[in-house]
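Chain by chain, the residues:
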Amino acid sequence: MGTALVYHEDMTATRLLWDDPECEIECPERLTAALDALRQHGLEERCQRLSACEASEEELGLVHSPEYIALVQKTQTLDEEELHALSKQYDAVYFHPDTYHCARLAAGAALQLVDAVLTGAVQNGLALVRPPGHHSQRAAANGFCVFNNVAIAAKYAKQKYGLQRILIVDWDVHHGQGIQYIFNDDPSVLYFSWHRYEHGSFWPFLPESDADAVGQGQGRGFTVNLPWNQVGMGNADYLAAFLHVLLPLAFEFDPELVLVSAGFDSAIGDPEGQMQATPECFAHLTRLLQVLAGGQICAVLEGGYHLESLAQSVCMMVQTLLGDPTPPLLGLMVPCQSALESIQSVRTAQTPHWTSLQQNVAPVLSPSTQSPEGRSLPLLGESPTCAVAEDSLSHLLDRLCLHPPSPVCTAVASTVPGAALALPPGVLHKEGSVLREETEAWARLHKSRFQDEDLAALGKTLCLLDGILDGQIRSAIATTSAPATAATLDVLIQRCLAHRAQRLLCVALGQLDRPLDLADDGRILWLNIRGQEAAIWSMFHFSTPQPQTTGGFLSLILGLVLPLAYGFQPDMVLMALGPTHGLQNAQAALLTAMLRSPVGGRILAVVEEESILQLERTLAQALHGETPPSLGPFSMASPVEIQALTFLKAQLKARWKLLQVAAPPPQP
Ligand code: X5A
Ligand code: ZN
């Protein structure tokens, strides 16, 4: 449906006219660097370009006082000395004769973006603006911000479109205290901000930036602050924050629109943030948000002061908004101790307000959740992990990959007549097969598990697998007869490993037996979602119950499957829907959509014939990047589901550090 890019070059006009080391980083080159990079990567021309128009005084008045608006208007005619004097009345602010015009364009750009998304002209978009907005308040400029672009956009969406639930995700490295104040008692706007805090010793030095500020009155629980108490937070820390804090609450909130205060001073190289997250991380954060609100995302630039890091991060976000696959995330997927402490403190502060957090109870081990051997597993020491390269920043930014999309995005080989009739546009039916002799050779290896009539399907499935491994196709759907599903999976695993794949994630749903000769060498992560009970064979092979509630299903995906998938960093995902997989369409769509991110979209879904007519279109849409439909009303996970997940996570978190939601106790 398209991505809007809202911009106006007049917004490069405002600039600092005197010496001020604190303010000089907010410079016009920020916009030109971002735009140049978008052009260079061919991303700008793939967007719907909208030229920004000034917000009206009435629109500014949705957030700001008439006196304050008049005061800013007056700055147009002040001389440099007067501008300087007025600027000094605020914290970290400079005015320029063009500030009023630029700030009205910035707010107007945000509103145009909201219009474009909410009228359905586009699916999502980014407004590239200056000055930024999230620090500005009803009657005060603050932290380079003059009008609160995102807050005005939220009020506007409520007023003009009658929206009742808006999520604001503020990933700028500073606390958007302006947004927090404006919606402090408003339960219709959920405001999430992470920010450099250092126990209050970082700008803007406010106690209300801490995790225990949760909003007031009706708005209690609708302000979510995640303070970072150390610099150097990286990809794993940001991912953990999304998986364990933001997304559980966001799914429960069920927003109709997502606004992003998209500051990139939280990226590596930024002088303000001093954080370590690479530009690719913003592709992943964006993709994770795209499962919310039917994919309706309006992002508005806030901070970001390292020009190259800013430009690359903006490209990553726009590329993801356009639907391109996410590039791999580098680095050890291990959140640091300080990040875990922060995550724990915000979860504790928010628990009274969110059912999805109340699902986390202390682990109680019942006999039904013991490992099959009836004892706890010995915890493994350091198992194989990916070597992390100690790249220098410029090297990291250099080898940033902006992939061209593969020629075929999603291919379907169906053996069931009537399937593949209702495929969404862009999804191709694929007829190819590997050589007959090859198929027969694989079948002979698994003799008695394939019938003659299964061979045609196996040949097609292998061809799809090769297509994915070769990069010819991004993702695919194949069918098997129910009795041959497990054997097909065995062949696929063997072939994958015999080929180029270093690591393979298998997510098997329903009654599928664990392959007999499944290697436990760290190359295959086998997760079976079936039945009622959890079971653990090793740190790489385990099964978890089929959730029956939306709360249980979301906890499974956000709390277990995605942390594992991101921690394992597989080359591709094999998703198998076997007999009694029990997945509803919306669940299948969400699981598929979310599994795409950690593997750059490389998923082969193998579906047993009985389910294909019902699931094919849903799977094809999800693989193709369409936003999954809502799971329906939120229902709390059952005690059995909570217990099983708690047990699994307790056993597995020694190896899979992204499963942690709290800091481990200090070693004696
Ligand atoms: C929008 C933004 C930062 C102000 C920092 C003042 N403002 N030291 O990133
Ligand atoms: Zn900032």
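Residues numbered from 1 in each chain as written. Chains lettered and ligands numbered in written order. Predicted model: local features only at pLDDT ≥ 70, side-chain atom pairs only at ≥ 80, totals over all residues. Heavy atoms only, no water.

**Describing the coordination of the zinc ion (ligand 2)**
Geometry reference: four tetrahedral donors at a metal, ideal angle 109.5 degrees. Six octahedral donors, ideal angles 90 or 180 degrees.
Here comes step 1: Only D172 (OD), D172 (OD), H174 (ND1) and D265 (OD) from the protein coordinate the zinc ion (ligand 2), and they sit 2.0 to 2.6 Å from it.
Here comes step 2: Ordering the donors of the zinc ion (ligand 2) by residue number gives the pattern D-x1-H-x90-D. Of this pair, D172 sits in the loop between β4 (166–170) and α7 (177–182) while D265 is found in the loop between β7 (257–262) and α9 (279–289), placing the two residues 93 residues apart along the sequence.
Here comes step 3: Taking relative accessible area as the criterion, D172 reaches 1% and is therefore assigned buried.
Here comes step 4: With relative accessibility at 0%, the residue D265 sits in the buried group. (Donors = N, O, S within 2.8 Å, 3.2 Å for Na, K, Ca; no water. Helix = DSSP H or I, 4+ residues; strand = E, 2+ residues; numbered from the N terminus. Buried < 20%, exposed > 50% of the residue type's maximum accessible area, 1.4 Å probe, protein only.)

**Notes on the site of ligand 1**
Here comes step 1: The full set close to ligand 1 counts 15 residues, and E22, G143, H174, D265 and Y305 are the nearest of them.
Here comes step 2: Residue E22 places a side-chain N or O atom 2.7 Å away from a nitrogen atom belonging to ligand 1.
Here comes step 3: In this structure, H135 approaches ligand 1 through a side-chain N or O atom, which is 3.3 Å from a nitrogen atom.
Here comes step 4: For ligand 1, the accessible surface in isolation is 310 Å², of which the surrounding protein chains cover 98%.
Here comes step 5: Within the shell around ligand 1, the residues separate by chemical class into 6 nonpolar, 5 polar and 4 charged. (Near = heavy atom within 4 Å. Polar contact = N/O pair within 3.5 Å; in protein donor to acceptor, adjacent residues only side chain to side chain. Areas by Shrake-Rupley, 256 points an atom, 1.4 Å probe, with all protein chains shown as cover. Nonpolar A, V, L, I, M, F, W, Y, C, P; charged D, E, K, R; others polar.)

**Focus: the sheet that holds strand β6 (residues 223–228)**
Here comes step 1: The parallel open sheet is built from 8 strands, whose spatial order is β2-β1-β3-β8-β7-β4-β5-β6. What marks the edges here is a single partner per strand, and that holds for β2 (48–51) and β6. Each adjacent strand pair in this sheet contributes to an overall mean axis angle of 15°, direction not counted.
Here comes step 2: Looking at chain direction, strand β1 (residues 3–7) and strand β3 (residues 124–127) are connected through 4 bridges and run parallel. (Pairing = 2+ DSSP bridges. Axes fitted to C-alpha atoms, helices over the stretch in contact; angles between N-to-C directions.)

**Description of the packing of helix α15 (residues 455–470) against helix α16 (residues 485–498)**
Here comes step 1: Where α15 contacts α16, the axes come no closer than 11 Å and their chain directions differ by 30°. In this structure, α15 crosses over α16, and the sense of that crossing is right-handed. Between α15, through L458, T461, L462, L465, D466 and L469, and α16, the contact on the second element is made entirely by T488, V491, L492, R495 and C496.
Here comes step 2: Classifying every residue of the contact of α15 with α16 gives 7 nonpolar, 2 polar and 2 charged. (Left-handed = near helix turned anticlockwise from the far one by under 90°. Contact = heavy atoms within 4.5 Å.)

**Description of helix α17 (residues 550–568)**
Here comes step 1: Taking 1.5 Å of rise per residue, 19 residues should cover 27 Å, and α17 covers 25 Å from first to last C-alpha, within 8% of that figure.
Here comes step 2: Its axis deflected by about 30° at V561, α17 carries its strongest bend there, up to four residues before the proline P563.
Here comes step 3: Where burial is concerned, most of α17 is hidden: 17 out of the 19 residues are buried.
Here comes step 4: Positioned one or two residues after α17, Q569 has a phi angle of 50°, which is positive. (Expected span 1.5 Å × (residues − 1). Bend = angle between axes of the 7 residues up to and from the residue.)

**Regarding unusual backbone geometry**
Here comes step 1: The peptide bond linking R130 to P131 adopts the cis configuration, its omega dihedral lying at -10°.
Here comes step 2: Inspection of the secondary structure assignment puts P131 in the loop between β3 and α6 (149–161).
Here comes step 3: The linkage connecting W203 with the following residue, P204, adopts the cis geometry, with an omega of 0°.
Here comes step 4: Residue placement: P204 occurs in the loop between β5 (189–196) and β6.
Here comes step 5: Of note in the backbone geometry, S448 takes a positive phi value of approximately 75° without being a glycine.

**Examining the packing of helix α8 (residues 235–253) against α17**
Here comes step 1: Their axes nearest at 10 Å, the elements α8 and α17 cross at an angle of 160°. Taken together, the axis directions place α8 and α17 in an arrangement best described as roughly antiparallel. By crossing handedness, the relation of α8 to α17 is classed as right-handed. On α17, the residues that touch L239, L243, H244, L247, P248 and F251 of α8 are L554, L558, G559, L562, P563 and Y566. (Parallel < 35°, antiparallel > 145°, perpendicular 65-115°, else oblique.)

**Some remarks on the pairing of strand β8 (residues 297–301)**
Here comes step 1: Where burial is concerned, most of β8 is hidden: 5 out of the 5 residues are buried.
Here comes step 2: Burial along β8 is two-sided: I297, A299 and L301 and C298 and V300, pointing in opposite directions, are all buried.
Here comes step 3: One ladder, built from 4 bridges, connects β3 with β8; its direction is parallel. By the bridge assignment for β8, N124 is matched with I297.
Here comes step 4: Pairing of β7 with β8 involves 5 bridges; the strand directions are parallel. Bridge pairing in β8 places A262 opposite L301.
Here comes step 5: With α9 bridging β7 and the parallel β8, this β-α-β connection has right-handed handedness. (Right-handed = clockwise from strand over helix to strand, strands pointing away.)

**Some words on the pattern of salt bridges**
Any two side chains of opposite charge can pair, on the condition that their charged atoms come close.
Here comes step 1: Within the structure shown, the criterion is met by 15 salt bridges.
Here comes step 2: R130 serves as the salt-bridge partner of E26, at 2.6 Å between the closest nitrogen and oxygen. Here E26, found in the loop between β1 and α1 (29–40), pairs with R130, found in the loop between β3 and α6; they are 104 residues apart in sequence, far enough to count as distant. As far as the burial class goes, E26 and R130 line up, both buried.
Here comes step 3: Measuring nitrogen to oxygen at the nearest pair gives 3.0 Å for the salt bridge that ties R436 to E440. Taken together, the positions of R436 and E440, both in helix α14 (residues 436–445) and 4 residues apart, correspond to about one turn of that helix.
Here comes step 4: Overall, R436 belongs to the partly exposed group, its relative accessible area being 48%.
Here comes step 5: Beyond isolated ion pairs, a larger network of salt bridges with shared partners links E26, R30 and R130. (Salt bridge = Lys/Arg side-chain N within 4 Å of Asp/Glu carboxyl O.)

**Topic: the nonpolar core**
Here comes step 1: Residues L128, W171 and F242 are the most contacted members of the largest nonpolar core, which totals 190 residues.
Here comes step 2: Looking at which element gives the most residues to this core, the answer is α8, with 14 residues.
Here comes step 3: In terms of nonpolar packing, the next biggest core, distinct from the first, is built from 39 residues, C463, A476, L512 and L604 among them. (Core = buried A, V, L, I, M, F, W, Y, C linked by side-chain atoms within 4.5 Å.)

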